[in-house]
Amino acid sequence: MEAAVFLLFGLVALVSAIMVVAHRNPVYATMSLVVTLVATAVLFVLLGSPFLAALQILLYTGAILVLFLFVIMLLNIGRERPSGARTTAQTWGSVLLALLLAGSLCRLLWDAHSDSVPAPLEVQFTSLRGVSDLLFSTYLLPFEMIGLLLLVAVVAASWVARRAEGEPPVDPEEERP
Amino acid sequence: MQPVDLLWLVPALPFLGAAVNALLVRNHQKSLISAVGVGFPGLSLALALAILWQYLASIRPQAIEQVLYAWTTGDFAIDVGFRLDPLSAVMLFVVTFVGFWIHLYSVGYMGHEAGYRRFFSYLNLFMGMMLLLVLGNNFVVLFVGWEGVGLCSYLLIGFYYEEVFPPFAGKKAFVVNRIGDFAFLLGVFAIYANWGTLRFGELGERVLADPATAHRPYLLGLSVAGFVALCLFGGATGKSAQIPLFVWLPDAMAGPTPVSALIHAATMVTAGVYMVVRANVFYQLAPEISMVVAVIGAATAIFAATIGLAQNDIKKVLAYSTVSQLGYMFLAAGVGAYTAAIFHLATHAFFKACLFLGSGSVIHAMGGEQDMRKMGGLRKQLPVTYRTFWISTLAIAGIPPLAGFFSKDEILAGAFAYGADLYKLLWIVGLVTAGLTACYMFRAVYLTFEGRFRGSHEQEHHLHESPRVMTLPLVVLAAGAVVAGWVGIPAGLWHAFGLPDKNLLHHFLAPVVAELPERAAEHEMSVAIELALMLASVVVAVTGILLARRWWLARGLAADEAFAARAGAVRRLLENKYWVDEIYDRLVVRPLRGLARVCWKVVDTLVIDGALHVGAFVTELTGDLGRFTTTGNVRQYALYFLGGVVLLFWWMIL
Amino acid sequence: MSPSALALAAMMALWLSALLAVAPFMLWFERRAPAFMQDRLGPNRVGPLGLIQGIADAVKFIFKEEFTPASADRPLFLLAPILALIPALTTYLVIPFGPEVEIAGHRLNLVVVDSDSGVLLFLALASLGVYALVLAGYSSNNKYSLMGSIRASAQMVSYELALTTAVVCALIPAGSLNLSEIVDYQRAHLWQALTQPVGLLVFLVAAFAETNRLPFDLPEAESELVAGYLTEYGGLRWAMFFMGEYMSMTTLSALCVTLYFGGWTLPFADFGGLPGLAQAAIGFTVLVAKIFLFLFLFVWVRWTFPRFRYDQLMRLGWKALLPLAVLQFVVTAALTIAGVL
Amino acid sequence: MSVPISGYLLLAAVLFAIGVIGALTRRSGIAIFLSIELMLNAANLTLAAYSRLLGDRAGQMVIFFALAVAAAEAAVGLALFIGIYRLRRTIDVNRLNLMRW
């Protein structure tokens, strides 16, 4: 049963990941990323951390990608016009390097863990209580730091994206490049 | 104030004359130019005669030294000084006397030339340099004079610089002399290295003081003295046009005739002989080198004599005759008869200068024509020139009682008496050359003055005797050619007439020659043999003359055609001067030119420029690479980043 | 003991039937209740008391023309309504409607997904609702719908904050995210509504905003932006949006009931002794009854409060609700630590 | 039949590679940003797999914090995009060469 779910959602994740990268329209890309993240969330559940799955959906798809859609709509980013230039050295270079990286990663991971058996699943691992105990004991300091980080991020984002007084609002329709 | 104290003024005057003519006088002031040009050498002659008179009268064999400025750097001391001793006295007399008369002659000869002022300033400069060479008291001053004369010969050969050949001949002369000077310098350095001094006086004493250093083995497998002697002789061959380096002299005839007379007959070319005699102590300590000198001298003599036979240009004939006579002088030096060499040098200066000036007045009359085939029958139009030419030719042929006989005979006697049988062979060569000399000289005389005129009608009409200013020097020099011989009548002849040995010149020059004990015996010779030798040389000379009369006087040019018909190959060989120039060109000039090309093409462009280009290319390359990495394109930075990650990953993992 | 697949299917079927029934009922109820409030009859022609009105409207929607704007982004345009349904159809999984009972030999926990982070799951799935609005507005290629969707999604995201904080307050006394444990806590102690009235208030207001109900239905308000992101939709697609809205109202009410009003428990009656099936039925009916009360509250509020202007709305969300929620959070935490709750 | 952990790991690696390709080849800033989020997600998946493999909840903690950081990063990043758009009217990476003298 678990294998079936893994294969299904793994495949979904892969296909949508490719869609994210391949699709010209930013909205479609974002939506396929949503699908990828949901699929990964399911995989998290399979890996015994439902709390993270929920968190991911709530945080990532619920908030961050909505922000992405907002920005896409605000800046009226149209379809990415195909540059028309032949695939430059940049593309070939990156594809090559990425494949190289992926190949070596897979080979390494396969060698290292092809036969490793996951540890027995104790309740402590999956239950929210187990996670929260650890979170508020040994990881308390990072938890507080994260709070601070998020505050800083909020301030920074609002400051950077603010419209200076007197500056006319940017009309996306205006002289689009 | 004794005249001797003004010794330094003798060379100074011609220098002054050259300066005045060069800087102060205008081209059109012809009379002023000739006044200055002839006046200053004249004053110098007068002063020289006064000095000689006082020297002969009172001082005699003792040498006088006069130092103008002593220059020392560290332990190296050179002083600008003059030295008067028997040898330089003779040379002083010859140079100033012959020089003055040639200056006078050139007033007439160069009268209508364009560079009149330039000519006289160069000529005076030359006189100054020659006197410096002759009177110098050490090798450095001698060398300064040596180079100075070389320079002036270059300037004067290339006097007609508009034409093509003279500048080339000037350059050739200068380069060949330089090669000789190089060897000369090596010799001077070796002297200083081994004996620490270059002054003639001290040198003689130091060398004789410890003969061991002289015999120490030194470079080129020779002893020290040997090496020095060879090097100095190398310089002499360059300057006095002996076998290997004589090629420049025939071409030097491109210069005006007075130049040929003064420089390429009387004075400069004899500098080599003077230098060898001055350094005779080394040659006496290195017998093998003396032998080399003798052999080269004899070889040059006969070699040049044979070429002389086939030349058609009158000046070329005289040039080869000079080379031949110089060969005689070196033969004398080689066999140890240094006084004979100087004696022949002096007599040769007189009659050869007279011959050249004679040919000058012939060319002057013929309107610049030098080819004997175009001349003939000039006896009637140029009587004075003909007579003086005749006298000088008799002198050079060695007919008693003229000068040539006594000096040449003494050389042959020296060669004969020199012991080893090789020198007997050299004596025979000398004898044959004497015959040849007589033969080609009389050929020249008969072709130019006898027979009927072969030139163009217009030339014939233009023929005239040269003005007095040119004929006077001819007469004086001809007289000199007659009288000069009596100074050195050999002892043998005196004894023959029962008179005490009155060989003035020999006794006068004796102190100059460093008498080494072991050499003393060689020169003894019975009076009978000496007389026999004299008779032999006279017989040879007369036969030469008779042959010349039978061929050229009787048949004129036909003789040459007949000779060419019968022995075409030999004729061509001689005419082309044994192709020596071509050989040199092929052996020396072409390889050097090739080397130069290699240096230029390979070393210069390829290696040096190449290195620079490579340097520039590398910098540009790195510049491009550098520029490439800072395009500001975020994605490229990301790519490099990823590349780094992958590399790090591979490095970490593998 | 993981519930058997059959039981799961049964429970899901139960919930789905309830939810699907809600939409037509609400259509009718939405007209009858305000009419009743305003002393008028409301729809009564169609069947007794107009009960069939819901079905009639449904049929009407089915036959309406499925219109798609010309340059609309067709795939996204069609995807939007579906996305609207997803949160509604999945959030009910975590809501319990009964204790652990013995039915036909199986120990059964009367909740579809008895996950110990149930509430978090609920919130996560609820947050997916935003996409429906955003895509609807973006894909219909119409300025009003774009503006409407941006406003709606901004509103939802903002109020989600307040909602989540309020929910967290409700969790603290129970000490767990598992709704069953929260209900058990409330059986043992007072209902949370009484102990955390401010939290309840914030939750309710946020709930209204989340579902874009009247005080906050600015985005599709007729007078403002025509119909907001729904402008281009018609027929069945429009109906799906509305079904989504009603269902999310229901599930939010269910959550509110479970957190603050003891879920399926009645204060004084305890049906422990009855056979499992009976307990399940009684629990479910109690839950539905409570949810019905809340739905009435929704309608009631809709017809009493005037519509907020957009800046008032946003200011309320960020400057009123959020501080209140945080205050409530602090108070509850303090009380819990003090052991009072 | 439990799925071997390496399955998850390989999947994560491939996702990561896809993310890298996306990040480096796409021209529009948003697309690059999305790819980066994808790469982040792949990393989280790997962490989850390992935490499951070792049975150590620390992995989950890291993911928790990673999510928070990703949120912060996304916020600031998008703000930057808005800023850049206001400055240069474009988000096309090829035409932005600000990171240069």
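This text gives an overview of the structure that appears in the document. (Residues numbered from 1 in each chain as written. Chains lettered and ligands numbered in written order. Predicted model: local features only at pLDDT ≥ 70, side-chain atom pairs only at ≥ 80, totals over all residues. Heavy atoms only, no water.)

### Comments concerning the pattern of salt bridges
All names here are of chain B.
Here comes step 1: All chains considered together, the criterion is met by 20 salt bridges over all chains.
Here comes step 2: The shortest N-O distance in the salt bridge between Arg 83 and Asp 85 comes to 3.1 Å. In terms of burial, Arg 83 and Asp 85 fall into one category: buried.
Here comes step 3: A salt bridge links Asp 581 to Lys 172; the shortest N-O distance between them is 3.0 Å. With a gap of 409 residues between them, Asp 581 in helix α27 (residues 580–629) and Lys 172 in helix α6 (residues 165–195) connect regions that are remote in the sequence.
Here comes step 4: Take Lys 172: its relative accessible area is 17%, and that puts it in the buried class.
Here comes step 5: Shared partners join several salt bridges into a network, and the residues in it are Glu 65, Asp 79, Arg 83, Asp 85, Arg 199, Glu 202, Arg 206 and Arg 278. (Salt bridge = Lys/Arg side-chain N within 4 Å of Asp/Glu carboxyl O. Buried < 20%, exposed > 50% of the residue type's maximum accessible area, 1.4 Å probe, protein only. Helix = DSSP H or I, 4+ residues; strand = E, 2+ residues; numbered from the N terminus.)

### Details of the interface of chain C and chain A
For an interface, size is often stated in terms of accessible area lost upon the parts coming together.
Here comes step 1: Counting from both sides, the interface comprises 26 residues of chain C and, opposite them, 21 residues of chain A.
Here comes step 2: Across the interface of chain C and chain A, roughly 2,000 Å² is buried in total on both sides, 76% from carbon and sulfur atoms.
Here comes step 3: Linking chain C with chain A are three residue pairs in polar contact (both at pLDDT 80 or more), by the criterion used here.
Here comes step 4: Mapped onto the side of chain C that touches chain A, the elements with two or more residues apiece are α3 (74–91), α4 (118–127), α5 (129–139) and α6 (143–174) of chain C.
Here comes step 5: Of all the elements, α6(C) adds the most residues to the side of chain C that touches chain A, at seven residues.
Here comes step 6: Residues that form the side of chain C that touches chain A fall into these classes: 18 nonpolar, five polar and three charged. (Contact = heavy atoms within 4.5 Å. Buried area = accessible area lost by both parts, 1.4 Å probe. Polar contact = N/O pair within 3.5 Å; in protein donor to acceptor, adjacent residues only side chain to side chain. Nonpolar A, V, L, I, M, F, W, Y, C, P; charged D, E, K, R; others polar.)

### Describing the side chain of Thr388(B)
Residue and element names in this part refer to chain B.
Here comes step 1: With respect to the helices and strands, Thr 388 occurs in helix α17 (residues 383–397).
Here comes step 2: Given a relative accessible area of 5%, Thr 388 falls into the buried group.
Here comes step 3: Each residue touching Thr 388, except ones within four places of it in the same chain, is listed here: Cys 354, Leu 474, Val 475 and Ala 478.

### Focus: the interface of chain A and chain D
Here comes step 1: In this assembly, 88 residues from chain A lie in contact with 70 residues from chain D.
Here comes step 2: Each partner contributes to the roughly 7,300 Å² buried at the junction of chain A and chain D, and carbon and sulfur atoms together form 77% of this total.
Here comes step 3: One can count zero salt bridges joining chain A with chain D.
Here comes step 4: Taken together, the connections running from chain A to chain D amount to eight residue pairs in polar contact (both at pLDDT 80 or more).
Here comes step 5: For the side of chain A that touches chain D, the secondary structure elements donating two or more residues are α1 (2–22), α2 (26–46), α3 (50–74), α4 (89–113), α5 (123–126), α6 (128–137) and α7 (140–160) of chain A.
Here comes step 6: Partitioned by chemical class, the residues of the side of chain A that touches chain D number 60 nonpolar, 17 polar and eleven charged.

### A closer look at the packing of aromatic side chains
Here comes step 1: All told, the structure shown has 57 aromatic pairs over all chains when counted by the stated rule.
Here comes step 2: Here Phe25(C) and Phe292(C) contribute two aromatic rings whose centre-to-centre distance is 5.8 Å and whose plane-to-plane angle is 55 degrees, an arrangement assigned as tilted. Residue Phe25(C) is located in helix α1 (residues 5–37), and its partner Phe292(C) is located in helix α12 (residues 276–302); the two are separated by 267 residues in the primary sequence.
Here comes step 3: The rings of Phe51(A), Phe136(A), Tyr139(A), Phe143(A), Phe64(D) and Phe65(D) are connected pair by pair, giving a single aromatic cluster.
Here comes step 4: Above the plane of the ring of Trp600(B) lies Lys601(B), whose end atom (NZ or CZ) is 3.5 Å from the centre.
Here comes step 5: The ring of Tyr310(C) is capped by Arg151(C), whose NZ or CZ atom sits 4.9 Å from the centre of that ring. (Phe/Tyr/Trp six-rings, centres within 6.5 Å; stacked < 30°, edge-to-face > 60°. Lys NZ or Arg CZ within 6 Å of the ring centre and 35° of its normal.)

### Quick word on α5(C)
Here comes step 1: Most of α5(C) sits inside the fold, with ten of its eleven residues counted as buried.
Here comes step 2: Along its buried surface, α5(C) packs onto α2 and α3 of chain A together with α3, α4, α6 and α11 (235–260) of chain C.
Here comes step 3: Backbone geometry just after α5(C) places Asn141(C) at a positive phi near 50 degrees.

### A closer look at the layout of surface pockets
Here comes step 1: The calculated volume of the second largest pocket comes to roughly 1,700 Å³.
Here comes step 2: Along the wall of the second largest pocket there are 45 residues; nearest its centre are Val42(A), Val45(A), Pro50(A), Val113(C) and Leu121(C).
Here comes step 3: Classifying every residue of the lining of the second largest pocket gives 34 nonpolar, eight polar and three charged. (1 Å grid on protein atoms, 1.4 Å probe; cavity = no way out; pocket = protein on both sides within 12 Å on 5 of 7 lines; lining within 4 Å. Points joined across faces, edges and corners; volume = space filled by probe spheres on them.)

### Remarks on empty space enclosed by the protein
Residue and element names in this part refer to chain C.
Here comes step 1: Applying the stated criterion across every chain yields a total of three cavities of 30 Å³ or more.
Here comes step 2: Within this model, the largest cavity holds a volume of roughly 300 Å³.
Here comes step 3: Taken together, 21 residues make up the lining of the largest cavity; nearest its centre are Gly 129, Met 156, Glu 210, Gly 244 and Ser 248.
Here comes step 4: Contributing elements (two or more residues each) for the lining of the largest cavity: α3, α4, α5 and α11.
Here comes step 5: Per-element accounting of the lining of the largest cavity gives the leading share, six residues, to α11.
Here comes step 6: For the lining of the largest cavity, a count of residues per class yields twelve nonpolar, seven polar and two charged.

### Re the pairing of strand β2 (residues 76–84) of chain B
Residue and element names in this part refer to chain B.
Here comes step 1: Across nine bridges, the pairing between strand β1 (residues 64–73) and β2 is antiparallel. Residue pairing across strands places Thr 73 opposite Phe 76, the latter belonging to β2.
Here comes step 2: Joining the antiparallel neighbours β1 and β2 is a turn of two residues, in which Gly 74 adopts a positive phi near 60 degrees. (Pairing = 2+ DSSP bridges.)

### As for the environment of Tyr122(B)
Residue and element names in this part refer to chain B.
Here comes step 1: Along the chain, Tyr 122 turns up in helix α4 (residues 116–135).
Here comes step 2: The spacing of Tyr 122 and Leu 151 is 29 residues in sequence and 9.6 Å in space, taken between C-alpha atoms.
Here comes step 3: Among residues more than four places away in sequence, those in contact with Tyr 122 are Cys 152, Leu 155 and Leu 156.

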